[in-house]
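# Chains, contacts and geometry: an overview
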Amino acid sequence: MVIPPLEELKTKTEMELEDIYHGFVNIVQVKCTKIVRIGTIKDGGWIGWDSSFDVAMKNIFGCEVHSFDPFEKKIPNRELLNFHDIGISDKSGIHGGRQFMTLRDTRKHLNHTNRDISILKMDVEKAEWPSLTKAMSDGELNHVIQIAVEFHLTRKASFFIDALEIIRNLMDSNFLTFTLSFSHKMPPKKRSRLGRHTAAATVQKAIIANESSDKKTFRLSQSALRSAQSRATENLQQRNARLAKMASYDAASRASEGPETRSKRMAINASAVAAQRTSEDPQQRATRLATNAAATAASTFRHIPTTQTSNVLHSSGTVDAARLPAI
């Protein structure tokens, strides 16, 4: 599924926008076969009145856990935690007598600027939207591997437009939903409404499946354009982080696929390669073969014992594939 362009979102009614919103946040986008529930079942162990998640992450996995809450003073198991009376926001400063920091300033405050965050867990009563926006603009989410967040809604068209743009940016940053749950405090009527939204998302999937080739081309081109624009502004560190996430998602997806899915994927890949090679001209073919030969030589050279390296180097220092000894 693809979130419609901003111009199209602005033409939608509040209910249509709400349907689109729930169509994304209520759909699992990537399969994970090793999901572990940590913390109590109710609020999942949010800090404040419940620190079970924080303590369990430390005791079970040996994680260095830092917990933040500027409102609650009586924190269970506080002596077991790295606790900070700080809240997250899109602006750093004192608000209402309490200290708030952006994710970037929080990492600086902890002297963690050279460390990645394995899990960023948030339940901050609607502050997640501006906080995540600021974190993305600062490039801080490139240092976050996984986000666990409770989204809070305001039933206004303007809210859903902004929220969908943020979700689009998260997806462009390679964050995909692997699990979801509803709040235990959610009334049955609202759960029923969410069920309708999920059904609407299924209908939208069917519409996409039956869309014309022109519409599909336009939708994919818009998605590719947004992705290209995002990548054009990234630095080397951001690029490496993005590629690492993509590799992780790809590995997780392949690890969970069955024999039939794997065979289908390999057949599609082989078909794409064959089609590409059929259309290449002689010069392109020669370039491809030369590149492959160089890559093979370099790969083999990395596995040659040190005592043999003198036999495979030209004076220029490049690898001579024809003279590589048998391994």
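Preceding this section is the structure that the text describes.
Analysis parameters
- Residues numbered from 1 in each chain as written.
- Predicted model: local features only at pLDDT ≥ 70, side-chain atom pairs only at ≥ 80, totals over all residues.
- Heavy atoms only, no water.
- Buried < 20%, exposed > 50% of the residue type's maximum accessible area, 1.4 Å probe, protein only.
- Helix = DSSP H or I, 4+ residues; strand = E, 2+ residues; numbered from the N terminus.
- Contact = heavy atoms within 4.5 Å.
- Core = buried A, V, L, I, M, F, W, Y, C linked by side-chain atoms within 4.5 Å.
- Pairing = 2+ DSSP bridges.
- Right-handed = clockwise from strand over helix to strand, strands pointing away.
- Axes fitted to C-alpha atoms, helices over the stretch in contact; angles between N-to-C directions.
- Parallel < 35°, antiparallel > 145°, perpendicular 65-115°, else oblique.
- Left-handed = near helix turned anticlockwise from the far one by under 90°.
- Nonpolar A, V, L, I, M, F, W, Y, C, P; charged D, E, K, R; others polar.
- Salt bridge = Lys/Arg side-chain N within 4 Å of Asp/Glu carboxyl O.

### What to know about helix α3 (residues 52–61)
- Considered for burial, the residues of α3 that qualify are F53, D54, V55, A56 and M57.
- Those residues of α3 that are buried lie in contact with β1 (66–68) and β6 (117–122).
- G62 sits one or two positions beyond α3 and adopts a positive phi of about 70 degrees.

### A few points about the nonpolar core
- In this structure, Y21, L141 and L170 are the most contacted members of the largest nonpolar core, which totals 27 residues.
- Those elements that provide at least two residues to this core are α2 (14–25), β6, α5 (128–137), β7 (144–149) and α6 (157–172).
- For this core, the element with the most residues is α6, which contributes 8 residues.
- When near neighbours in sequence (up to four residues on either side) are disregarded, L170 contacts L132, M136, L141, I147 and F175.

### Some thoughts on the pairing of β7
- In this sheet, β7 lies alongside β6 in parallel orientation, the contact comprising 5 bridges. When the bridges of β7 are listed, M122 appears paired with V149.
- What joins β6 to β7 is α5, and the crossover it makes is right-handed.

### A short note on the packing of α2 against α6
- Interaxial distance between α2 and α6 falls to 9 Å at its minimum, and their mutual angle equals 25 degrees. It follows that α2 is roughly parallel to α6 by the angle criterion. Our pair here, α2 against α6, has a crossing hand that is left-handed. Across from E14, L17, E18, I20, Y21, F24 and V25 in α2, the residues of α6 making contact are A157, F160, I161, A163, L164, I167 and M171.
- Considered class by class, the residues forming the contact of α2 with α6 number 12 nonpolar, no polar and 2 charged.

### Brief notes about the pattern of salt bridges
- Summed over the entire model, instances satisfying the criterion amount to 8 salt bridges.
- A salt bridge links K134 to D138; its shortest N-O distance comes to 3.4 Å.
- The exposure class assigned to K134 is partly exposed, which follows from its relative accessible area of 28%.
- For the salt bridge of R288 with E280, the shortest nitrogen-to-oxygen distance reads 2.6 Å.
- Since its relative accessible area comes to 18%, E280 is described here as buried.

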